[in-house]
Amino acid sequence: MLKQHLQLKLGQKLAPQQIQLMKLIQLHTLEFEEELERELEENPALEIAKEESKEDEYSSLEDSYENEGTESIETDFDVNEYLYDDEPTYKTASSNYSPDDEEFDNESLLTEGQSLYDYLTEQIHLSSINEHDLKIAEYIIGNLDTDGYLRREIKSLVDDLAFSQGLYTTKEKVEDILENYVQKLDPPGVGARGLQECLLLQIEKKVSSDKAVSLAANILRHQFDALTNKHYNKIIQKYDIEEDDLKDALDEISKLSPKVGGNFDTQTITINQEIIPDFVIQVKDGLVIPMLNSKNAPTLRVSEEYKDILTTYSHDKNSSEHKQAALFIKQKLDAAKWYIDAINQRQNTLLQTITAIVKFQKDYFITGDEKSLRPMILKDIADITGFDISTISRVVKSKYADTPNGIVYLKDLFSDSLTNDDGEEVSTKEIKTHLQEVISKENKRKPLTDDALVVILKEQGYNIARRTIAKYREQLNIPVARLRKEL
């Protein structure tokens, strides 16, 4: 039996304009420049202003069009649908330049390169291999990853060759072609199934009676686990050698590459992109001055030509085609107006955010010392600016600032806080900096354990648990004491 009932729901939806604004805010300078170029191509009513634009005349034109055009032209469309209900007062130009902006070069460097697959295929075709085995070798090469390793099981290759290539072979045959053809190709180490095999293939290519090379090969072949765990005393006892002999062998191993395919492009075109700072921060006479780097954002305005065309079409009351053209132009003009305003809002949001960050971290920007960084979270900046935390997150995402002390990634300025022995709140960034300094000065023959680091930092006033030390060490990509040991 059907029943009727009322249900009250509370929901919130973002308008398309708000969504677009959020996307614009999170773009860094290069992405923003690309977005502007795309919009200029898609909307002919938006153009780059070569001169400083005058006050907007579009509002009065809009009123004229609404009052005259909609009454005199019969249409199934309501022109008001193309207007925004909460449309603010716009100006027809967005000037994104600042006289204090720094000059940045944003050219992408394009370089042609050869892929590892092409390089190996050329070589295998020059080898004395029969046609059947050549197809298998090419398939093996096609399954190598970008580092030059064969990560797949040989049995899987055999199955794939049968089902997809119609080539029926055996595991032994594939292994034979891999070891006697593919692994003989340049660069040495290609086609390895693991790090140990990769290093062995390279050291074996060194035709030398050198004692260090021979010892290095023996260590890689028979004492690889001891090597990776830095059990140097075990290796010295195993081969009855002096410590200097082991140093020479380790020096030979250090010359080998763990990723032999790393020098090749995965595509034929490699794009090297420089980091373009989104903000410029200057320090003058103790004052920290934040600015937007807007050199890549041109000054925009609504096309005067399109406004003139709209005026002409809106006064033509008899042509249906002109009516449709007028509606189209009206859409483009509205979109151009909104886009200019969105850019202004974006720049205002970015400037307010960086100003709040600079005010919060003034000492850091003056000194450049990470130890002077104050604990700062997104909420702190949101409270200062009045923006939502999600907005602040979008602003700092993927953005950099050019400071007197170098390029700074904005997200690196944010950190939680801990309380030291004096009851003061200190940034976790400061603690990590101290931790890194202590480890950099340690005796590498006897690296400090996490327990020892706890004691040292406690002496410096930072009462931190061992598990916290381990967490910070991992975040800094510093291995455990055993793996930091050197001879």
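One can find the structure itself at the top, above this paragraph.
The paragraphs below set out a description of the structure included in this document. Given the structure is predicted, the values throughout are model-derived calculations rather than measurements. (Residues numbered from 1 in each chain as written. Predicted model: local features only at pLDDT ≥ 70, side-chain atom pairs only at ≥ 80, totals over all residues. Heavy atoms only, no water.)

## Digging into the overall build of the chain
Phase 1: When you go through the chain residue by residue, the secondary structure sums to 20 helices and 11 strands.
Phase 2: Burial status across the chain gives 42% buried among its 487 residues.
Phase 3: For the chain, the accessible area works out to roughly 28300 Å², and carbon and sulfur atoms hold 46% of it. (Helix = DSSP H or I, 4+ residues; strand = E, 2+ residues; numbered from the N terminus. Buried < 20%, exposed > 50% of the residue type's maximum accessible area, 1.4 Å probe, protein only. Areas by Shrake-Rupley, 256 points an atom, 1.4 Å probe, with all protein chains shown as cover.)

## Structural notes on the packing of aromatic side chains
Both the distance between ring centres and the angle between the ring planes are used here to describe each pair of aromatic rings.
Phase 1: Applying the stated criterion across every chain, the model contains three aromatic pairs.
Phase 2: Considering the side-chain rings of tyrosine 364 and phenylalanine 365, the 5.3 Å spacing of their centres and the 65° angle between planes classify their relative orientation as edge-to-face.
Phase 3: Residue classification places tyrosine 364 among the buried positions, given a relative accessible area of 9%.
Phase 4: Of note, arginine 151 hangs over the ring of tyrosine 149, and the distance from its end group to the ring centre comes to 4.2 Å. (Phe/Tyr/Trp six-rings, centres within 6.5 Å; stacked < 30°, edge-to-face > 60°. Lys NZ or Arg CZ within 6 Å of the ring centre and 35° of its normal.)

## Digging into unusual backbone geometry
Phase 1: Residues aspartate 186 and proline 187 are joined by a peptide bond in cis, for which omega reads 10°.
Phase 2: Unusually for a residue other than glycine, lysine 230 sits at a positive phi of about 55°.
Phase 3: For lysine 230, the position within the fold is in the loop between α10 (224-228) and α11 (232-239).
Phase 4: Positioned with a positive phi, serine 398 is a non-glycine residue whose angle comes to about 60°.
Phase 5: Looking at the secondary structure, you find serine 398 in the loop between α17 (389-396) and β8 (400-403).

## Observations concerning the sheet that holds β8
Phase 1: Spatial strand order, β6-β5-β8-β9: four strands in an open sheet with mixed pairing. The outermost strands of the open sheet, each flanked by one partner alone, are β6 (287-292) and β9 (406-409). Between one strand axis and the next, the sheet turns by 25° as a mean value, whatever way the strands run.
Phase 2: The pairing of strand β5 (residues 279-284) with β6 spans six bridges and is classified as antiparallel. Note on β6: the bridge partner recorded for phenylalanine 279 is leucine 292. (Pairing = 2+ DSSP bridges. Axes fitted to C-alpha atoms, helices over the stretch in contact; angles between N-to-C directions.)

## Examining the side chain of aspartate 133
Phase 1: On the secondary structure map, aspartate 133 appears in helix α5 (residues 131-142).
Phase 2: Note on aspartate 133: relative accessible area 6%, which makes it buried.
Phase 3: With sequence-adjacent residues up to four places away left out, aspartate 133 is seen in contact with Lys173 and Ile177. (Contact = heavy atoms within 4.5 Å.)

## Re the pattern of salt bridges
Phase 1: Going through the model one piece at a time under the given rule, you end up with 20 salt bridges.
Phase 2: With a shortest N-O distance of 2.8 Å, glutamate 47 and arginine 301 are connected by a salt bridge. Placement of glutamate 47 in strand β1 (residues 46-48) and of arginine 301 in strand β7 (residues 300-302) is noted, with a sequence separation of 254 residues between them.
Phase 3: Note on glutamate 47: relative accessible area 23%, which makes it partly exposed. (Salt bridge = Lys/Arg side-chain N within 4 Å of Asp/Glu carboxyl O.)

## A look at α5
Phase 1: Taking 1.5 Å per residue, 12 residues should reach 16 Å; α5 reaches 17 Å between its end C-alpha atoms and fits that length.
Phase 2: At the N-terminal boundary of α5, the capping side chain belongs to asparagine 130, with an oxygen 3.2 Å from the backbone nitrogen of histidine 132. (Expected span 1.5 Å × (residues − 1). Polar contact = N/O pair within 3.5 Å; in protein donor to acceptor, adjacent residues only side chain to side chain.)

## As for the packing of α5 against helix α6 (residues 154-165)
Phase 1: For the pair α5 and α6, the least separation of the axes is 11 Å and the interaxial angle reads 115°. It follows from the interaxial angle that α5 and α6 lie roughly perpendicular. Crossing hand, α5 versus α6: right-handed. Seen from α5, the contacting residues are Ile136, Tyr139 and Ile140; seen from α6, they are Leu157, Asp160, Leu161, Ser164 and Gln165. (Parallel < 35°, antiparallel > 145°, perpendicular 65-115°, else oblique. Left-handed = near helix turned anticlockwise from the far one by under 90°.)

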